[in-house]
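Chain by chain, the residues:
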Amino acid sequence: SVQHRLQPRTKLAEQKLAAHCGVSRTLVRQVLFQLAQSRLVTLEPARGAFVSTPSSEEARQVLAVRCMLETEAARLAAVHRSKADVGLLRRLLKARGEQEQHASSAAFAEADTAFHCAIAGMCGNGALAELYRYFANSVRMNTLTALKDKELPEPGLATHEAIVDTI
């Protein structure tokens, strides 16, 4: 679901997943529960697990939290960054820019997530970086939802370049 390989509301049958992955249904059940905690999967009693379908409102809420986390991460990264960090950000930004014409694609979401996770990773606050990495899958899925629903104007390359220049 994070990469939109599975459509929203796709049923995730435990037995099929277990057979496909060569693991027990118990392990599949545990993983589905963890994915439900991240809001990537919806568990419905007596019906099973399904790929989540975030609403536009849920997407806006998740992306508001992303903004709060990223504002602090970028502020801290500006203090703790190295030349190598800035070089990495420029390379990731280039990869993101190459996907920008496909702003609602999984490849774009992957490139965007890599860029923002790198900022969180260089902020010097391990707890914030870990929280952002944990939150990144939900952000990726909700970003795609918001872009597809035209609910979110995606900040363009110039905005992201300004972030790197500031850091």
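Look above for the structure.
Draft legend 1. Seen up close, the overall build of the chain. For the chain, the helix and strand inventory stands at seven helices and three strands. For the chain, the succession of helices and strands along the chain, N to C, is β-α-α-β-β-α-α-α-α-α. When each of the 167 residues of the chain is scored for burial, the buried share is 37%. Taking the intrachain contacts of the chain between residues at least 6 apart in sequence as the baseline, contacts between residues at least 24 apart amount to 70%. Of the roughly 9400 Å² that the chain leaves accessible, carbon and sulfur atoms contribute 58%.

Draft legend 2. Highlighting the environment of Leu 89. Tracing the sequence through the fold places Leu 89 in helix α4 (residues 83–99). With relative accessibility at 0%, the residue Leu 89 sits in the buried group. In contact with Leu 89, other than residues within four places in its own chain, are Phe 115, Ala 118, Ile 119, Met 122, Val 164 and Ile 167.

Draft legend 3. Just the environment of Val 65, in detail. With respect to the helices, strands and loops of the structure, Val 65 is situated in helix α3 (residues 56–80). Judged by its relative accessible area of 33%, Val 65 is partly exposed. Taking the C-alpha atoms as reference, Val 65 lies 9.1 Å from Val 139; in sequence the two are 74 residues apart.

Draft legend 4. Spatial organisation of the pairing of strand β2 (residues 41–44). As paired elements, β2 and strand β3 (residues 48–51) share four bridges and run antiparallel to each other. Pairing of Glu 44 across the sheet is with Gly 48, part of β3.

Draft legend 5. Looking closely at the pairing of β3. Two elements, strand β1 (residues 11–12) and β3, share two bridges in a ladder whose sense is antiparallel. Looking across to β3, one finds that Leu 12 is bridged to Ala 49. Connecting the antiparallel pair β2 and β3 is a turn made up of three residues, with Ala 46 showing a positive phi of about 65°.

Draft legend 6. Just the packing of α4 against helix α5 (residues 106–121), in detail. Across the interface, α4 lies against α5 with an axial gap of 8 Å and an inter-helix angle of 160°. In terms of orientation, α4 lies roughly antiparallel with respect to α5. Helix-helix and strand crossings are classified by hand; for α4 and α5 the assignment is left-handed. Together, Leu 88, Leu 89, Leu 92, Leu 93, Ala 95, Arg 96 and Gln 99 of α4 and Ala 107, Phe 108, Ala 111, Asp 112, Ala 114, Phe 115, Ala 118 and Ile 119 of α5 make up the contact between the two elements. Looking at the contact of α4 with α5 residue by residue, the classes come out as 12 nonpolar, one polar and two charged.

Draft legend 7. Structural detail: the side chain of His 116. When you line up the elements, His 116 lands in helix α5. In terms of polar contacts, His 116 uses its side chain to reach the side chain of His 160, at 3.2 Å. In contact with His 116, not counting residues within four places along its chain, are Arg 66, Glu 70, Tyr 132 and His 160.

Draft legend 8. Just α5, in detail. In a regular helix each residue adds 1.5 Å, so 16 residues correspond to 22 Å; α5 covers 22 Å between its end C-alpha atoms and thus fits that length. Of the residues making up α5, those classed as buried are Phe 108, Ala 109, Ala 111, Asp 112, Thr 113, Phe 115, His 116, Cys 117, Ala 118, Ile 119 and Ala 120.

Criteria and thresholds
- Residues numbered from 1 in each chain as written.
- Predicted model: local features only at pLDDT ≥ 70, side-chain atom pairs only at ≥ 80, totals over all residues.
- Heavy atoms only, no water.
- Helix = DSSP H or I, 4+ residues; strand = E, 2+ residues; numbered from the N terminus.
- Buried < 20%, exposed > 50% of the residue type's maximum accessible area, 1.4 Å probe, protein only.
- Contact = heavy atoms within 4.5 Å.
- Areas by Shrake-Rupley, 256 points an atom, 1.4 Å probe, with all protein chains shown as cover.
- Pairing = 2+ DSSP bridges.
- Axes fitted to C-alpha atoms, helices over the stretch in contact; angles between N-to-C directions.
- Parallel < 35°, antiparallel > 145°, perpendicular 65-115°, else oblique.
- Left-handed = near helix turned anticlockwise from the far one by under 90°.
- Nonpolar A, V, L, I, M, F, W, Y, C, P; charged D, E, K, R; others polar.
- Polar contact = N/O pair within 3.5 Å; in protein donor to acceptor, adjacent residues only side chain to side chain.
- Expected span 1.5 Å × (residues − 1).

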